[in-house]
Every structure is written in C-alpha cells, then in structure tokens.
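Inside the fold
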Amino acid sequence: AGVEQLFTQADGSIEEGPIPITVGDLDGYRFEGTSTTPVEGGGEVHTRSIQVYDGRTGFFINCQYAPDSQEEILAGCQQIVDSFSTE
C-alpha cells in the first residue's frame, strides 16, 4: 500500500509488482511503474523500485529514467543490485 501511494502521489501507477527479489542476502520486492516528473515541461518517468529488509532496517533502491534512457539506467540499476552488500 505504501509503494502504491508513492506512485499515486507522483501522478503515476504501479505497472508490475510486487515481485519477490533477493538482493545480497536480503529478501524484498521489486516494483515497476510510471509517474510524471514534477519539473516544468516534464513528461513520463519510468521507475524500478526495489525494497529489501534486514529485520527492522529497510534498503530502498530507486532507479528512474525517461523512455529513451531505459537500457543505460536499468544496466546501472542492475549493477547496484548485483554489488549490494551489508557487510
């Protein structure tokens, strides 16, 4: 419900998720969605939002991109996920 509210507040919606995911050794969820950028003349922004938890501590990875930069941003986002560690 909290993630849905974040997307709604940004004039967007969740398109996919929650999808179970493991990042490092932590379990969590991935969401895919869209929103509208708040800057003047802005347009649609795509978001990959990943939340993982270690007890009562949560980690939030948020990757946002315009449609024409999807490949580059999602590759960088995956690099962050692949290298994430709490050690």
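Attention here is on the structure that accompanies the text.

Rules used in this analysis
Residues numbered from 1 in each chain as written. Predicted model: local features only at pLDDT ≥ 70, side-chain atom pairs only at ≥ 80, totals over all residues. Heavy atoms only, no water. Helix = DSSP H or I, 4+ residues; strand = E, 2+ residues; numbered from the N terminus. Expected span 1.5 Å × (residues − 1). Buried < 20%, exposed > 50% of the residue type's maximum accessible area, 1.4 Å probe, protein only. Arc of directions from axis to C-beta. Contact = heavy atoms within 4.5 Å. Core = buried A, V, L, I, M, F, W, Y, C linked by side-chain atoms within 4.5 Å.

1. Considerations on helix α2 (residues 70–83)
For α2, with 14 residues, the first-to-last C-alpha span of 20 Å sits near the 20 Å given by 1.5 Å per residue. Considered for burial, the residues of α2 that qualify are Leu74, Cys77 and Val81. One side of α2 holds all its buried residues, which, seen down the axis, span an arc of 60°. The exposed set on the far side of α2, more than 90 degrees from its buried face, consists of Glu71, Glu72, Gln79, Asp82 and Ser83. Residues of α2 that are buried in the fold lie against β1 (13–23), β3 (44–54) and β4 (57–65).

2. Describing the nonpolar core
Nonpolar side chains in soluble globular proteins generally cluster together in the buried interior. Ranked by size, the top nonpolar core spans 10 residues in total: Ile21, Val23, Leu26, Ile50, Val52, Ile61, Cys63, Cys77, Val81 and Phe84. If we skip the residues at most four places from it in the chain, Ile21 touches Leu26, Asp27, Gly28, Tyr29, Arg30 and Ile50.

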